[in-house]
Amino acid sequence: MPVPKGSSLDPDRTRAAILRTAEGILYARGLDGVGIAELCAEAGVSKETLYRHFGSKDGLVRAVLEARSDRVTRWLAQAAADAGDEPAAQLAAVFDALGRWYGEPGFRGCAIVNAATQRHTVPASGIATRHLGRHLDLLTAIAERAGAADPAALGRQLLLLLEGATVVADHLAAPGAADDARDAALALLDGAARTAHRD
């Protein structure tokens, strides 16, 4: 049976393929380092197909960043969960996972924060706010389980270490950034727990 012009045999698969291709290119070259024509050529789709799925380049950027944020959030939450019930082990696992990522070829920092830095406007800025908030939720929950007297404040401090390590690993190519941040984070967690127990 012939496929009508402009239709797709599998729209979900086509959309996923465009997202995968666009994510790799946008991460490597930045939001403004590639145009729609090149994105379409790399993905093997027409402009019409891309626009049908995403509406515009901004729509594609939004979808790429949202998908990446979802994936990274699940990945770090899973790293913490796999470490067991001990808060210190969970926190160490988060930084250890980051350290493995920092060592991967092509590592260029956090794609969401990079995008928001390039374009301090929506959609990138809003997605970055939500993305960092998800990290903060994970770290604050670990602080709560550790019995910190002020888990919200400790969560913010841990987030500063996480994001700072990512920037340092990217821009200084510092192989020990995640280890240094992990050690500082564990010291903060231990100190907060000891203070809470004394009170």
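As shown above, the structure is provided for reference.
Keep in mind the model is a prediction, meaning the values are calculated, not measured. (Residues numbered from 1 in each chain as written. Predicted model: local features only at pLDDT ≥ 70, side-chain atom pairs only at ≥ 80, totals over all residues. Heavy atoms only, no water.)

1. Some thoughts on the packing of aromatic side chains
- Applying the stated criterion to the full structure yields 4 aromatic pairs.
- Centre to centre, the rings of Trp101 and Phe107 are 4.8 Å apart; their planes meet at 85 degrees, and the pair counts as edge-to-face.
- The class for Trp101 is buried, based on a relative accessible area of 16%.
- Measuring from centroid to centroid gives 5.1 Å for Tyr102 and Phe107, while their planes differ by 45 degrees, and the two rings are tilted. Here Tyr102 matches Phe107 in class, with each residue buried.
- Grouping aromatic residues by their ring pairs yields a cluster made of Trp75, Trp101, Tyr102 and Phe107. (Phe/Tyr/Trp six-rings, centres within 6.5 Å; stacked < 30°, edge-to-face > 60°. Buried < 20%, exposed > 50% of the residue type's maximum accessible area, 1.4 Å probe, protein only.)

2. Details of the pattern of salt bridges
- Counted under the stated rule, the structure contains 11 salt bridges.
- The salt bridge involving Arg119 is made with Asp32; its shortest N-O contact spans 2.6 Å. With Arg119 in the loop between helix H6 (111-118) and helix H7 (124-145) and Asp32 in the loop between helix H1 (11-29) and helix H2 (36-43), the pair connects residues that are 87 residues apart, well separated along the chain.
- The class for Arg119 is buried, based on a relative accessible area of 19%.
- A residue is classified by how much of its surface remains accessible, and Asp32, at 55% relative accessible area, is exposed.
- Of the charged contacts in the structure, one is a salt bridge between Asp183 and Arg182, with a shortest N-O distance of 3.4 Å.
- Residue class for Arg182 comes out buried when judged on its relative accessible area of 18%.
- Through salt bridges with shared partners, a single network forms among Asp96, Asp179, Arg182 and Asp183. (Salt bridge = Lys/Arg side-chain N within 4 Å of Asp/Glu carboxyl O. Helix = DSSP H or I, 4+ residues; strand = E, 2+ residues; numbered from the N terminus.)

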